[in-house]
Amino acid sequence: MDESFITLEFKDGALHLIDQRVLPASYTYFICKTYEDVEFAIRDMVVRGAPAIGATAAYGVYMAASRLATKRGFRTELRKACDFLAKSRPTAVNLEWAIGRMWETFLKVEKEPTEKILFALKTEADAIRSEDIATNKAMSRIGNQVVPHKATILTHCNTGALATAGWGTALGVIKEAFYDNKDIFVYADETRPRFQGARLTAWELMEAKIPSALIPDSAAATLIRDGKIDLVILGGDRVAANGDVANKLGTFALSVICKEYGVPFYSVVPISTIDFNLSDGSLIPIEERDKSEVIFVGETQVAPLDMAVFNPAFDVTPHQNITGIITERGIIRPPYKENIERLKKGESL
Ligand code: MRU
């Protein structure tokens, strides 16, 4: 079954994004007319989620090329636009990966007439978007194999259609299990401070009519200790070559609790989220966001304005705490370093 909403779509010369800053109170589209609008939309989290920001940035590169193609120094200016887009959020590798694909496409056609260059870039951005949906569907089918018939699942942040070009990663697995008539129940962490779980995952679970409940992040430990959770399934923003996973802040703590109580812990990521060049998670750049996200909840001030704040957007879960990493080519299990190396070589898992 498919959603009735489209997270991102290029039409009428502009990129239309569901404005995820205001869901679920309002359902509106943010329209990017320039690549600077695209950079803002990623940085301000109009659009968020590793695969979604990758596909969004790909259209940003196409939009930059559309404006710069007839100008002097096109190649240099386009490279600058790519670097500008790539800096909008540092942790999710999908952004660099998608921009890298767009740049490679450009290099193949740069000597061609302008229309051919623009056609090639638009085609590549469309491919990144549609491949993401197909990848998510493949991961869902594979991930469904680890979901028992009567499972209570805990998830964190938002990994659904909103976090991707469509369908979702971890939430895609959960939807697949539900549509496969498995009798599942989902607990969604609210995910302080941006509330992606409360605002976005809760909304997607309700849209899909999946039996579920929202919990404050700090309730997860009690549910896990009391044997109320059969498995944890969540996403990932960058996976290092040894299997360490950077994901939304709070993931690491969940993994420690799961390990303590023997609860299976899965991360669901497309292969584009694996950074084969990083040996371990300590090298993953972790984005720190503005203190206002912690001091305010919406318009309401909840802490003294001058209070110092530590607000990392992500944390790194060591591979030792992870039961399996679900990808479109199969489930990576320990030993992660060896198995990720095999995946890189194109060998089966
Ligand atoms: O800060 P966000 O909302 O972009 O963080 C998103 C996450 O951490 C997701 O878990 C991750 O991107 C995987 S989504 C398919």
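Look up: the structure comes first, before these words.
Here the residue numbering is sequential within each chain, running from 1 through the sequence in written order. Restriction of local features to residues with pLDDT of at least 70 applies here, the model being predicted, together with a cutoff of 80 or more for giving and counting side-chain atom pairs; totals for whole chains, interfaces and linings are based on all residues. For side-chain calculations, the full set of non-hydrogen atoms in the structure is used, while hydrogens and water are omitted.

Student: I tried to follow the packing of helix α4 (residues 93–109) against helix α5 (residues 114–144) on my own but got confused; where do I start?
Tutor: To describe two helices that pack against each other, one gives the angle between their axes and the distance between the axes. To get an axis, fit a line to the C-alpha atoms, keeping to the stretch in contact for a helix; angles then go from 0 to 180 degrees between the N-to-C directions. To qualify as a helix, a DSSP run of H or I must reach at least 4 residues; to qualify as a strand, a run of E must reach at least 2; elements of each kind are numbered from the N terminus. Relative orientation of the contacting elements α4 and α5 amounts to 150°, with a least axis distance of 9 Å. Classified by the angle between their axes, α4 and α5 sit roughly antiparallel to one another. For the pair α4 and α5, the crossing hand works out as right-handed. Contacts between α4 and α5 involve Trp97, Ala98, Arg101, Met102, Thr105, Phe106 and Val109 from the first element and Ile117, Ala120, Leu121, Glu124, Ala125, Ala127, Ile128 and Glu131 from the second. Of the residues assigned to the contact of α4 with α5, the class counts are eleven nonpolar, one polar and three charged. Should an angle lie under 35 degrees it is considered roughly parallel, over 145 roughly antiparallel, and from 65 to 115 roughly perpendicular; all remaining angles are considered oblique. In a left-handed crossing the near helix is turned counterclockwise from the far helix by less than a right angle, and in a right-handed crossing that turn is clockwise. The contact rule is simple, with two residues in contact once any of their heavy atoms fall within 4.5 Å. Put simply, Ala, Val, Leu, Ile, Met, Phe, Trp, Tyr, Cys and Pro go in the nonpolar bin, Asp, Glu, Lys and Arg in the charged bin, and everything else, Gly too, in the polar bin.

Student: Got a minute to help me understand the site of the ligand in this structure?
Tutor: Working definition: residue near molecule or strand if any one of its non-hydrogen atoms lies within 4 Å of it. By nearness alone, 19 residues border the ligand, and Arg89, Gln196, Asp237, Asn247 and Lys248 come closest of all. A distance of 2.8 Å separates an oxygen atom of the ligand from a polar backbone atom of Ala50. Think of a polar contact as two N or O atoms within 3.5 Å of one another; within protein, one of them needs to be a possible hydrogen donor and the other a possible acceptor, and neighboring residues in sequence only count if both atoms come from side chains. The separation between an oxygen atom of the ligand and a polar side-chain atom of Lys248 is 2.7 Å. For the area figures, the Shrake-Rupley method with a 1.4 Å probe applies, and any residue is considered shielded solely by the protein chains shown. Starting from 410 Å² of accessible surface for the ligand in isolation, the protein chains cover 99%.

Student: Please clarify how the side chain of Asn144 should be interpreted in this entry.
Tutor: Relative to the elements of secondary structure, Asn144 occurs in helix α5. Any residue under 20% of the maximum accessible area for its type is buried, any over 50% is exposed, and the rest in between are partly exposed; the area is computed with a 1.4 Å probe on protein chains only. The class of Asn144 is buried, set by a relative accessible area of 7%. Of note is the side chain of Asn144, whose polar atom sits 2.9 Å from the side chain of Asp180. With sequence-adjacent residues up to four places away left out, Asn144 is seen in contact with Val173, Glu176, Ala177, Asp180 and Lys182.

Everything listed here is a matter of geometry and, on its own, says nothing about what the molecule does.
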